[in-house]
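What follows is the residue order along each chain.
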Amino acid sequence: MASESVILVTGGSGLVGEAVKWVIENETGERFGKRENEKWIFLSSKDGDLRKEADVKAIFEKYKPTHVIHLAAMVGGLFKNMKYKLDFLRENMMMNENILWQSKEFNVKKVVSCLSTCIFPDKTTYPIDETMVHDGPPHDSNFGYAYGKRMIDVYNHAYNEQFGCHFTSVIPTNVFGPHDNYELEGSHVLPGLTHKCYLAKKNNTPFVVWGSGKPLRQFIYSRDLAKLFIWTLREYEEIDPIILSVGEDDEVSIKDVADGIVKAMDFQGEYAFDSTKADGQYKKTANNAKLMKYIPDFEFTPFDVAIKESVEWFEQNYDTLRK
Ligand code: NDP
């Protein structure tokens, strides 16, 4: 990276943004740690509303970023996605529109934005890979979020072809870790279950998991993802997206997740599945071959270690965390 890089991270106060900050502050190695010529700026919504063009312009004028990691988004689990489809579409489109346009206006050298594996076509073949993002409609439960996110890839190619901009994107699978959103409704499955299990233990009530427990998912620890974001910013040259995920063999069921939380929390009470509640997509197995080709020696944190660290963080920060 050229001298005096100013790296602006939108969504710096979220799950992924806090993990990037943690890696930048704690990692000592050259590959993922902070480099001398870099200044990192982590934004939250207090620095400006990214849905508003004037706010985004003012942020770019203030910091004059040379690089952007664009994480800010309206994010939520299955039930919130089903309820607020227009909000997911509109708010994410507005933020992406403003960030990419100002990045072009301010000659930002590189932007890495964030897609998600849940934006892939509903009817597809498995495993999913990066070439399939636009191959068919997404699952009906989250089409607002999915189409909003897919447009980032369309924008990246258009900005590249018309203006030569180096804007790219990554596709993480389900992320979890410290600073997650632990709301009981509206959160993703792993933090939601963490909170439910905590309350069941505290109140001596049953721990009831919504759905059958059978759907399969790949989970990535936020601190692993953060390292891969930093790698993407520094070393990944393509405009096309890259899947950031553990391998296909590391897919786990929702029951495995619940079992992991029960163990990490040492929950001894009654524990059941409510199959009358929606399951969402049965699976969305993603292939991480492209990532492994680029960075074959990357070491993912084992799932049980990552769950343990996340549950410990949750227990230590219960009074102040998002819930
Ligand atoms: P969080 O919900 O934890 O954080 C969202 C971040 O966006 C916060 O920093 C929030 O600021 C900021 N933000 C939201 N709305 C606005 C706004 N209008 N103006 C300015 N800032 C705003 O999200 P995650 O860290 O989980 O997600 C980061 C990225 O990763 C997103 O693009 C998401 O789509 C993607 N992703 C996430 C996955 C997951 O499992 N969590 C899976 C795959 C992709 P504040 O704290 O001030 O509210």
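The paragraphs below set out a description of the structure included in this document.

What counts and how
Residues numbered from 1 in each chain as written. Predicted model: local features only at pLDDT ≥ 70, side-chain atom pairs only at ≥ 80, totals over all residues. Heavy atoms only, no water. Helix = DSSP H or I, 4+ residues; strand = E, 2+ residues; numbered from the N terminus. Expected span 1.5 Å × (residues − 1). Buried < 20%, exposed > 50% of the residue type's maximum accessible area, 1.4 Å probe, protein only. Contact = heavy atoms within 4.5 Å. Axes fitted to C-alpha atoms, helices over the stretch in contact; angles between N-to-C directions. Parallel < 35°, antiparallel > 145°, perpendicular 65-115°, else oblique. Nonpolar A, V, L, I, M, F, W, Y, C, P; charged D, E, K, R; others polar. Core = buried A, V, L, I, M, F, W, Y, C linked by side-chain atoms within 4.5 Å. Near = heavy atom within 4 Å. Polar contact = N/O pair within 3.5 Å; in protein donor to acceptor, adjacent residues only side chain to side chain. Areas by Shrake-Rupley, 256 points an atom, 1.4 Å probe, with all protein chains shown as cover. Pairing = 2+ DSSP bridges. Phe/Tyr/Trp six-rings, centres within 6.5 Å; stacked < 30°, edge-to-face > 60°. Lys NZ or Arg CZ within 6 Å of the ring centre and 35° of its normal.

This part covers helix α6 (residues 189-203). Taking 1.5 Å per residue, 15 residues should reach 21 Å; α6 reaches 21 Å between its end C-alpha atoms and fits that length. Every buried residue of α6 is accounted for by Leu-190, Pro-191, Gly-192, Leu-193, Thr-194, His-195, Cys-197, Tyr-198 and Ala-200. Where α6 is buried, its residues contact β6 (174-176), β7 (207-210), β9 (219-221), α8 (254-265) and α10 (303-316). Asn-204, located one to two residues past α6, shows a positive phi value of around 60°.

For the rest of this paragraph, the subject is the packing of helix α1 (residues 15-26) against helix α7 (residues 222-235). Two elements in contact, α1 and α7, have axes whose closest approach is 8 Å; the angle formed by their N-to-C orientations is 70°. With respect to their mutual orientation, α1 and α7 come out roughly perpendicular. On the side of α1, the interface is formed by Leu-15, Val-16, Ala-19, Val-20, Trp-22, Val-23 and Ile-24, while α7 contributes Ser-222, Arg-223, Leu-225, Ala-226, Lys-227, Phe-229 and Ile-230. By residue class, the composition of the contact of α1 with α7 is 11 nonpolar, 1 polar and 2 charged.

Attention now goes to unusual backbone geometry. Omega for the peptide link from Tyr-126 to Pro-127 comes to 0°, which places this bond in the cis form. With respect to the helices and strands, the residue Pro-127 is situated in the loop between β4 (110-114) and α5 (143-163). Its identity is not glycine, yet Asn-204 carries a phi of approximately 60°, on the positive side. Residue position: Asn-204 is located in the loop between α6 and β7. Exposure remark for Asn-204: the relative accessible area of 71% places this residue in the exposed category. Of note, Asp-266 is a non-glycine position whose phi angle comes to about 55°, a positive value. Classification of Asp-266 as partly exposed rests on a relative accessible area of 47%.

Most often, soluble globular proteins have nonpolar side chains that are buried together. Counting residues in hydrophobic clusters, the biggest one holds 31 residues, and the most contacted among them are Val-16, Val-20, Trp-40 and Phe-229. Of all the secondary-structure elements, those providing two or more residues to this core are β1 (5-10), α1, β2 (38-42), β4, α7 and β10 (242-244). At 7 residues, the largest contribution of residues to this core is made by α7. Leave out the neighbours within four places in its chain, and Trp-40 touches Ile-7, Val-9, Val-20, Ile-24, Lys-34, Ile-69, Ile-230, Leu-233 and Arg-234.

Turning next to the site of the ligand. Surrounding the ligand, one finds 28 residues, the nearest of these being Ser-13, Ser-45, Tyr-145, Lys-149 and Arg-322. Interatomic distance of 3.2 Å between a backbone N/O atom of Gly-14 and an oxygen atom of the ligand. Here Leu-50 contributes a backbone N or O atom positioned 3.0 Å from a nitrogen atom of the ligand. Within the complex, the protein chains bury 86% of what would otherwise be the 910 Å² of accessible surface of the ligand. Secondary-structure elements contributing two or more residues to the shell around the ligand are α1, α5 and β6. Looking at the shell around the ligand residue by residue, the classes come out as 13 nonpolar, 11 polar and 4 charged.

Because side chains alternate across β7, one face comprises the buried residues Phe-207 and Val-209, and the other comprises Val-208 and Trp-210, none of which is buried. Here β7 pairs with strand β12 (residues 271-274) via 4 bridges, running parallel. Bridge pairing links Val-208 to Ala-272 in β12.

A few words on the packing of aromatic side chains. Following the criterion strictly, the structure yields 24 aromatic pairs and no others. Between Tyr-159 and Phe-167, the ring centres sit 5.2 Å apart and the planes meet at 55°, which makes this aromatic pair tilted. By the burial criterion, Tyr-159 is buried, and Phe-167 matches it. Ring centres 5.7 Å apart and planes at 40° place the aromatic pair Phe-176 and Tyr-221 in the tilted group. With Phe-176 in strand β6 and Tyr-221 in strand β9, this pair connects stretches of sequence that are 45 residues apart. Within the aromatic cluster, the residues linked to one another by ring pairs are Trp-101, Tyr-155, Tyr-159, Phe-163 and Phe-167. Cation over ring: Lys-104 sits above Trp-101, and NZ or CZ is 4.4 Å from the ring centre.

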